[in-house]
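Letter by letter, the chains look like this.
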Amino acid sequence: MFDKVLIANRGEIACRIMRTARAMGLKTVAVYSDADDSSMHMQMADEAVHIGPAAASESYLVADNILNAARQTGAGAIHPGYGFLSENAAFAKACENAGIAFIGPSAKAIASMGLKDEAKVIMEAAGVPVVPGYHGAAQDEKTLMAAAEDIGYPILIKAVAGGGGKGMRLVGKAGEFADALASAKREAKSAFGNDHCLIEKFITKPRHIEIQVFGDKHGNAVHLYERDCSLQRRHQKVVEEAPAPGMDPALRQKMGDAAVAAAKAIGYAGAGTVEFIVDGSGPLSADTGFYFMEMNTRLQVEHPVTEMITGQDLVEWQLRVAADEPLPLAQEDIPLEGHAMEVRLYAEDAAKGFMPQTGKLVHFDVPDYLGARIDTGVRGGDEISIHYDPMIAKVIVSGQTRDEALSTLSSTLRETNIAGLKTNLTFLANVLDTDAFQNAQFDTGFIDAHLDALIAEDEHNDQLLPLAVLAYRHHEVMHRPVSPGNDYASPFDGESGWQLNLPPMMSEIIFDHNGEEYHLRASYPDDDGSISFVQNGTVQTVTGADYAHSGVRLRANVDGEQVQATIAWSMEENHGSSLYLMANGGCEAFHFHDEHWNEADAAAGPGTLAAPMPGKIIDVMAKNGDVVEQDQPLLIMEAMKMEYTLKAPRAGIIKDLNVAVGDQVADGSAVLEIADQDD
Ligand code: ADP
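Attention here is on the structure that accompanies the text. (Residues numbered from 1 in each chain as written. Predicted model: local features only at pLDDT ≥ 70, side-chain atom pairs only at ≥ 80, totals over all residues. Heavy atoms only, no water.)

**Details of the sheet that holds strand E2 (residues 27-33)**
Within a sheet, each strand pairs with its neighbour through backbone hydrogen bonds, oriented either parallel or antiparallel.
Here is step 1 of the chain: Read across the open sheet, the five strands follow the order E3-E2-E1-E4-E5; overall the sheet is parallel. Strands at the two margins of the open sheet, each flanked by one partner only, are strand E3 (47-52) and strand E5 (101-102).
Here is step 2 of the chain: In the sheet, strand E1 (residues 4-7) pairs with strand E4 (residues 77-79) via three bridges, with the strands oriented parallel. For Val5, the partnering residue across the bridge sits in E4 and is Ala77. (Pairing = 2+ DSSP bridges. Helix = DSSP H or I, 4+ residues; strand = E, 2+ residues; numbered from the N terminus.)

Okay, here's the thing in structure tokens:
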């Protein structure tokens, strides 16, 4: 076994790999970009090497920088995690050449699974069922269309080099074929530089069920059962579980055997996943149709659910196999116990097409006391940047039964506290809440079919406003500057509002909450910590103690009723103090106009609208001279396969708009200015 391993990745997966490496007594080396200086994965490692600027193409994807870091630190092995260089055959080869163990399969095995058509040919030869279709060399429209007729509509056109749903078109009838093929080829050419396509039967009501496989360098291969990953948005998984609900043992055996045959066919060593599409139009049985889709030659994001039902550590298996050891267990010795479920918590706006969100994660904690495993690479206070995947954490639970796992997961999400960013927390809780999901009635169309119910936001929690006023008054007392000669403890000094023989004096508190500006008169804390304030002509009393600190669980009496929330404070220059109160998986924000508040700056904001990342402008909805409102959508850009709406940072008049549709813009470049109307 090598004694030092470099992890060529970041975020949760880098941290997760380091945990196992360390438990096995290995030293760990992190690599990090400018954007990840002081990140969790960088701080967790024994050594850390800087490998370049924030953009992945200039850091985490630069093979030479990673290899140099390994040489410089004397690391004997490189774990690529998932994404980045994990399925890059040239990188695996470069590691081999440099005498550094690549923790993954051989370059040859990676390459053989790299193209969908070649992979299908290999699988067919190994006796693995593939989706009926055409994946030959001829690419003329006539041949492909004849193939589609033979298979029978509906069919899917797929780019052989495709990934992330690109170059994929669903065709319902012959009349739509030619246009769909032309556009799939166009997209494939521009995204992958390869416009070859294959034709597949479109499986209606499909379930995505994949098999975890493992091979070693001694010719052994086993499977570690299945994972059901049918819950997807934008062809990306959000909820995964193992075993697949309703799995028939005979079908499991057939799929497992097929996956092992697939691994053996390419002499596979290491962790891999064979993805199948399964006919979900009826219950799973020994005769249910299942078809090979693709093989991922790496550790998968959702591997923890397999670890939970088998009690194995898949990263440990990977390290042992890479060090030429045989597989730790034989097929018949691999346990399958209970049920595990994982959700991926993302910084994204589910209601706006799952648009990634960026910014500061002011507060973040997922409770683990119910038994959840939390795989994360960020902490409260960290930034979710535009440069990488916006996943915040994976929350994984297990139970004796699916119901037990589901209930633990629901409770865990309800007690999760996140402030500062929009996340899919409510969306995930809504998924777990639907009857259809609870009854395991789903296919890959589940999220689209239930979208309206799933993106419903929680009602605003009005009970938290009194708590905000209470917390603010305590916060003020704590942070009041103490000047010389000012006896802090004396009620005659400062602004406690204390008046001899009079009820406590009230003063005004101004804050923004849910798009409204509030002006409330409120008293200062009493000896018992209580305050009073006036809202809509009624005096309310809130009783509590020293509740000024972030992370404190605030429990207060609001006119006799008990209300609870977790507090997070965030000070923003010129924008006053922001208070976040988190309860039941929701979060209410209050922005106080205090001494840190600068009315003009807060209203004006920065006048420059800059591109948040490199990308291409695909729509311009404004022109120079237009008068716009704050947050009015002005441009749409495409970057990292997603569309981003750029909004007016402030109200005013547009000038210096100097981009047009089709333009490429650099990260941080100014696309327009907003001036005051009278400028
Ligand atoms: P990509 O590599 O672009 O992600 P995949 O081939 O992995 O494309 O397919 C992505 C998703 O598309 C699958 O998880 C499944 O939901 C759906 N899909 C793929 N092939 C078929 C098919 N033949 N019939 C129905 N749905 C399919």
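**Things to note about the site of the ligand**
Here is step 1 of the chain: The immediate surroundings of the ligand are formed by 21 residues, with Lys116, Lys158, Gly165, Lys201 and Ile203 found nearest.
Here is step 2 of the chain: Between the ligand and Glu200 there is a distance of 3.0 Å, counted from a nitrogen atom to a side-chain nitrogen or oxygen.
Here is step 3 of the chain: Within the backbone of Ile203, one N or O atom sits 2.9 Å away from a nitrogen atom of the ligand.
Here is step 4 of the chain: For the ligand, the accessible surface in isolation is 550 Å², of which the surrounding protein chains cover 93%.
Here is step 5 of the chain: Elements represented by at least two residues in the shell around the ligand include exactly strand E7 (155-159), strand E9 (197-201), strand E10 (206-215) and strand E14 (290-296).
Here is step 6 of the chain: For the shell around the ligand, the two domains that each supply at least three residues are domain 2 (135-201) and domain 3 (207-337). (Near = heavy atom within 4 Å. Polar contact = N/O pair within 3.5 Å; in protein donor to acceptor, adjacent residues only side chain to side chain. Areas by Shrake-Rupley, 256 points an atom, 1.4 Å probe, with all protein chains shown as cover. Domains from an automatic or database assignment.)

**Looking at the nonpolar core**
Here is step 1 of the chain: Ranked by size, the top nonpolar core spans 75 residues in total, and within it Phe2, Phe214, Val239, Phe364, Phe437 and Phe446 carry the most contacts.
Here is step 2 of the chain: With residues up to four places along the chain from it excluded, the contact list for Phe214 reads Asn220, Ala221, Val222, Leu224, Gly270, Ala271, Leu314, Trp317, Gln318, Val321 and Leu327. (Core = buried A, V, L, I, M, F, W, Y, C linked by side-chain atoms within 4.5 Å. Buried < 20%, exposed > 50% of the residue type's maximum accessible area, 1.4 Å probe, protein only. Contact = heavy atoms within 4.5 Å.)

**Some thoughts on the packing of aromatic side chains**
Here is step 1 of the chain: What the rule picks out here adds up to 15 aromatic pairs.
Here is step 2 of the chain: With a centroid separation of 5.6 Å and 80 degrees between ring planes, the pair formed by Tyr60 and Tyr388 is classed as edge-to-face. With Tyr60 in the loop between E3 and helix H3 (63-73) and Tyr388 in the loop between strand E21 (383-384) and strand E22 (391-399), this pair connects stretches of sequence that are 328 residues apart.
Here is step 3 of the chain: Residue class for Tyr388 comes out buried when judged on its relative accessible area of 6%.
Here is step 4 of the chain: Ring centres of Phe511 and Phe590 lie 6.0 Å apart, and the angle between their planes is 65 degrees; on these two criteria the pair is classed as edge-to-face. With Phe511 in strand E24 (residues 506-513) and Phe590 in strand E31 (residues 586-597), the pair connects residues that are 79 residues apart, well separated along the chain.
Here is step 5 of the chain: Using a relative accessible area of 0% as the deciding quantity, one classes Phe511 as buried. (Phe/Tyr/Trp six-rings, centres within 6.5 Å; stacked < 30°, edge-to-face > 60°.)

**Let's talk about helix H7 (residues 141-151)**
At 3.6 residues per turn, the α-helix brings residues three or four places apart onto the same side.
Here is step 1 of the chain: Of the positions making up H7, those classed as buried are Leu144, Ala147 and Ala148. Viewed end-on, H7 has its buried residues packed into an arc of 100 degrees, placing them on one side of the element. The exposed residues of H7 that point more than 90 degrees off its buried face are Lys142 and Asp150.
Here is step 2 of the chain: Tucked into the core, H7 has its buried residues touching strand E6 (133-134), E7, helix H8 (177-192) and E9. (Arc of directions from axis to C-beta.)

**Observations concerning the environment of Leu361**
Here is step 1 of the chain: As for its placement among the helices and strands, Leu361 is situated in the loop between strand E18 (359-360) and strand E19 (363-365).
Here is step 2 of the chain: A C-alpha to C-alpha distance of 6.8 Å links Leu361 and Ile384, two positions 23 residues apart in sequence.
Here is step 3 of the chain: Excluding residues that lie within four positions of it along the chain, Leu361 makes contacts with Val378, Arg379, Gly380, Gly381, Asp382, Ile392, Ile418, Ala419 and Leu421.

**Here we look at the packing of H3 against helix H4 (residues 89-98)**
Here is step 1 of the chain: Contact geometry for H3 and H4: axes closest at 11 Å, N-to-C directions at 30 degrees. By the angle class used here, H3 and H4 are roughly parallel. Crossing angle aside, the handedness with which H3 passes H4 is right-handed. Seen from H3, the contacting residues are Ala63, Ile66, Leu67 and Arg71; seen from H4, they are Phe91, Ala94, Cys95 and Ala98.
Here is step 2 of the chain: In terms of residue class, the contact of H3 with H4 is built from seven nonpolar, no polar and one charged. (Axes fitted to C-alpha atoms, helices over the stretch in contact; angles between N-to-C directions. Parallel < 35°, antiparallel > 145°, perpendicular 65-115°, else oblique. Left-handed = near helix turned anticlockwise from the far one by under 90°. Nonpolar A, V, L, I, M, F, W, Y, C, P; charged D, E, K, R; others polar.)

**Section: the side chain of Glu12**
Here is step 1 of the chain: Here Glu12 shows up in helix H1 (residues 11-23).
Here is step 2 of the chain: Of note is the side chain of Glu12, whose polar atom sits 2.5 Å from the side chain of Tyr82.
Here is step 3 of the chain: When residues no more than four places from it in sequence are discounted, the contact partners of Glu12 are Tyr82, Asp375, Thr376, Gly377, Met391 and Lys394.

**Details of the pattern of salt bridges**
Here is step 1 of the chain: Under the defined criterion, the tally for this structure stands at 35 salt bridges.
Here is step 2 of the chain: Here Glu210 makes a salt bridge to Arg227, at a shortest N to O gap of 2.8 Å. Highlighted residues: Glu210 in strand E10 and Arg227 in strand E11 (residues 221-233), separated in sequence by 17 residues. For the residue pair Glu210 and Arg227, the accessibility class agrees, reading buried in each case.
Here is step 3 of the chain: The salt bridge involving Glu325 is made with Arg320; its shortest N-O contact spans 3.2 Å.
Here is step 4 of the chain: Take Glu325: its relative accessible area is 26%, and that puts it in the partly exposed class.
Here is step 5 of the chain: Residue Arg320 is classed as partly exposed on the basis of its relative accessible area, which comes to 23%. (Salt bridge = Lys/Arg side-chain N within 4 Å of Asp/Glu carboxyl O.)

**Section: a negative patch on the surface**
Here is step 1 of the chain: Where like charges cluster on the molecular surface, the negative patch consists of Glu457, Asp458, Glu459 and Asp462.
Here is step 2 of the chain: Looking at the element boundaries, Asp462 is found in the loop between helix H16 (451-454) and helix H17 (464-479).
Here is step 3 of the chain: The exposure class of Asp462 is exposed, given its relative accessible area of 65%. (Patch = residues over 30% accessible without salt bridge, like charges linked within 9 Å, V, L, I, M, F, W, Y side chains within 5 Å. Lys, Arg positive; Asp, Glu negative; His and termini not counted. Charge placed at Lys NZ, Arg CZ, Asp CG, Glu CD.)

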